[in-house]
Amino acid sequence: MKRKEMMMHTHLQKYATLLLCMSGGMVDVLGYLGLGHVLTANMTGNIVLLGIAIARAQEFVIFRALLALAGFIAGNALAAHILGQVRSKNGWSVRVTAVLTLESILLLVFAILMISPIADQISYFLIVLLAIAMGMQTTAARRIGIAGISTTVLTNNLAAVIEDTVSILHRLRHATIRSLFKELPTDAYLRAGAVMIYLGGVILAALLFHHVPSIAVWIPVLIIAGVTLQARFASWGKTDA
């Protein structure tokens, strides 16, 4: 593969990772607003909700939170099994694409069921389904490892952005702002972009779910499917064993 083509693939993979962040934010909104105030992507927040529910003896909230946690763990385990120990030079292997392919199928099933007449009757199943998909995405993103970005947890991304900002402030005494931003590594911009696009996904999903919920559930499907198709079309990680 030519150097120019490899660089193009690397840039596309970075953009794909940001799109995964957007889908993670949107999925949490769908779970919180549509499935009884449960978080299926952000397990830190979900465990907080679980603790509050336990303290207040809210049995149904406890059950939903535990379902999300169990589904997320199952998704982690399934993705880890698929990925195995195979690693590519840039982290994106054909097995990562396989994990995202399975995730897109799960999200497709979720979207179909979510807009069906039986959605309320199978809400517990939908929680598990969505949590499995997000668990798989989290493990896949960790394997990709671009800029240390987590696509489902904003805390780590935000902390990295603050660290990058402090690094800029430390250098301000010795250089101009313009030169600093030129020297700032690409990873710093990616981490900041991850925070912004995650927030953008949350806002978009909240607005769509309020006005046209039947459309809101399809956006994450389209995002993950688009990333998967691009990865397959470009044969990312095709040299992996």
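Preceding block: the structure.
Note that the coordinates shown come from a computational prediction; the quantities given were computed from them, not determined experimentally.

**Let's talk about the overall build of the chain**
Per the secondary structure count, the chain includes 10 helices and 0 strands. Counting from the amino terminus, the chain carries its helices and strands in the arrangement α-α-α-α-α-α-α-α-α-α. Expressed as a percentage of the 241 residues in the chain, the buried residues total 47%. Sequence separation of at least 24 residues holds for 76% of the intrachain contacts in the chain that already meet a minimum separation of 6. Within the structure as shown, the chain displays about 12600 Å² of accessible surface, and the carbon and sulfur contribution to it stands at 68%.

**Observations regarding the packing of helix 4 (residues 94-114) against helix 5 (residues 123-144)**
Packing of helix 4 against helix 5 leaves a shortest axis separation of 9 Å and a crossing angle of 155 degrees. Considering their axes alone, helix 4 and helix 5 lie roughly antiparallel with respect to each other. The two elements helix 4 and helix 5 cross, and the hand of that crossing is left-handed. Counting all contacts with helix 4, which are made through Val96, Val99, Leu100, Leu102, Glu103, Leu106, Leu107, Val109, Phe110, Leu113 and Met114, the residues of helix 5 involved are Phe125, Leu126, Leu129, Leu130, Ile132, Ala133, Met134, Met136, Gln137, Ala140, Arg143 and Ile144. Of the residues that constitute the contact of helix 4 with helix 5, the class distribution is 20 nonpolar, 1 polar and 2 charged.

**Considerations on the side chain of Ser150**
Take Ser150: it is sitting in the loop between helix 5 and helix 6 (154-171). Setting aside residues no more than four positions away along its own chain, Ser150 makes contact with Cys21 and Asn157.

**Notes on a nonpolar patch on the surface**
Taken together, the side chains of Phe60, Phe63 and Tyr124 present a nonpolar region at the surface, about 320 Å² in accessible area. Mapped onto the elements, Tyr124 comes out in helix 5. With relative accessibility at 31%, the residue Tyr124 sits in the partly exposed group.

**Considering the side chain of Thr228**
For Thr228, the location among the structural elements is in helix 10 (residues 218-233). Taking relative accessible area as the criterion, Thr228 reaches 5% and is therefore assigned buried. Side-chain polar atoms of Thr228 contact the backbone oxygen of Leu100, separated by 3.4 Å. For Thr228, the contacting residues outside a window of four places in its chain are Thr97, Leu100, Thr101 and Ser104.

**Looking at the nonpolar core**
Of all hydrophobic cores here, the largest spans 51 residues; its most connected members are Leu35, Trp92, Leu107 and Phe110. The set of elements that each furnish at least two residues to this core consists of helix 1 (3-34), helix 3 (59-83), helix 4, helix 5, helix 8 (186-211) and helix 10. With 10 residues, helix 5 is the single largest residue contributor to this core. Residue contacts for Leu107: discarding those within four places in its chain leaves Val27, Leu130, Ala133, Met134, Pro220, Val221 and Ile224. Within the second largest apolar cluster, 5 residues are counted, among which are Met26, Val29, Ala205 and Ile223.

The rules behind the values
Residues numbered from 1 in each chain as written. Predicted model: local features only at pLDDT ≥ 70, side-chain atom pairs only at ≥ 80, totals over all residues. Heavy atoms only, no water. Helix = DSSP H or I, 4+ residues; strand = E, 2+ residues; numbered from the N terminus. Buried < 20%, exposed > 50% of the residue type's maximum accessible area, 1.4 Å probe, protein only. Contact = heavy atoms within 4.5 Å. Areas by Shrake-Rupley, 256 points an atom, 1.4 Å probe, with all protein chains shown as cover. Axes fitted to C-alpha atoms, helices over the stretch in contact; angles between N-to-C directions. Parallel < 35°, antiparallel > 145°, perpendicular 65-115°, else oblique. Left-handed = near helix turned anticlockwise from the far one by under 90°. Nonpolar A, V, L, I, M, F, W, Y, C, P; charged D, E, K, R; others polar. Patch = residues over 30% accessible without salt bridge, like charges linked within 9 Å, V, L, I, M, F, W, Y side chains within 5 Å. Salt bridge = Lys/Arg side-chain N within 4 Å of Asp/Glu carboxyl O. Polar contact = N/O pair within 3.5 Å; in protein donor to acceptor, adjacent residues only side chain to side chain. Core = buried A, V, L, I, M, F, W, Y, C linked by side-chain atoms within 4.5 Å.

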